[in-house]
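One-letter residues, chain by chain:
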Amino acid sequence: MNWLSSFVRPKIQALVAKEDVPDNLWFKCPQCEQMIFHRDMVAHLYVCQHCNHHLRMPVAARIDHLFDPDTFSPVS
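These numbers come from a predicted model, not from an experiment.

The next point concerns the overall build of the protein. A tally of regular secondary structure across the protein gives three helices and two strands. Starting at the N terminus and walking to the C terminus, you meet the elements of the protein as α-β-β-α-α. At 22 Å, the protein has a C-alpha radius of gyration far larger than the 11 Å of a compact globule built from 76 residues. The buried share of the protein, taken over its 76 residues, is 12%. At a minimum sequence separation of 6, the contacts of the protein that also span at least 24 residues come to 6%. Accessible area for the protein stands at about 7100 Å²; split by element, carbon and sulfur atoms hold 56% of it. Mean positive and mean negative side-chain charge positions of the protein (7 and 8 charges, respectively) differ by 12 Å.

What follows covers the packing of aromatic side chains. In this structure the tally under the stated criterion is three aromatic pairs. Note on phenylalanine 27 and tyrosine 46: the rings are 6.1 Å apart at their centroids and 75° apart in plane angle, and the pair reads as edge-to-face. Taken as a pair, phenylalanine 27 in strand 1 (residues 26-28) and tyrosine 46 in the loop between helix 2 (38-43) and helix 3 (59-66) lie far apart in primary sequence, 19 residues in all.

Counting residues in each nonpolar core, the largest one holds eight residues, listed as Cys29, Ile36, Met41, Tyr46, Cys48, Leu55, Met57 and Ala61. Ignoring sequence-local partners within four residues, the contact set of leucine 55 consists of Lys28, Pro30, Met41, Tyr46 and Cys48.

Taken together, Ile12, Leu15 and Val16 make up a surface patch of nonpolar side chains, about 350 Å² in accessible area. Tracing the backbone shows leucine 15 in helix 1 (residues 3-16). For leucine 15, a relative accessible area of 75% puts it in the exposed group.

By relative accessible area, which is 10% here, tyrosine 46 ends up buried. In this view, tyrosine 46 contacts Phe27, Met41, His53, His54, Leu55, Arg56, Met57, Pro58 and Ala61; residues no more than four positions away in its chain are not counted.

Basis of the calculations
Residues numbered from 1 in each chain as written. Predicted model: local features only at pLDDT ≥ 70, side-chain atom pairs only at ≥ 80, totals over all residues. Heavy atoms only, no water. Helix = DSSP H or I, 4+ residues; strand = E, 2+ residues; numbered from the N terminus. Rg over C-alpha atoms; globule rule 2.2 N^0.38 Å. Buried < 20%, exposed > 50% of the residue type's maximum accessible area, 1.4 Å probe, protein only. Contact = heavy atoms within 4.5 Å. Areas by Shrake-Rupley, 256 points an atom, 1.4 Å probe, with all protein chains shown as cover. Lys, Arg positive; Asp, Glu negative; His and termini not counted. Charge placed at Lys NZ, Arg CZ, Asp CG, Glu CD. Phe/Tyr/Trp six-rings, centres within 6.5 Å; stacked < 30°, edge-to-face > 60°. Core = buried A, V, L, I, M, F, W, Y, C linked by side-chain atoms within 4.5 Å. Patch = residues over 30% accessible without salt bridge, like charges linked within 9 Å, V, L, I, M, F, W, Y side chains within 5 Å. Salt bridge = Lys/Arg side-chain N within 4 Å of Asp/Glu carboxyl O.

Below, the structure is given as structure tokens:
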């Protein structure tokens, strides 16, 4: 191995490498098949803005909407 492939190439690849994009940035509405940004979905309480289809809400988000802060304690 020479110094170009063992030292210089990894440094260049680290500079040019793309950052990983999370998989959960977009939701696809099962009704109208429109792509919706996750912040818009949370802001509209998991209702599609295009067709008003109600999507499944995560459990933690549903509990936050149903109960006042610091009043819910899970039973384990």
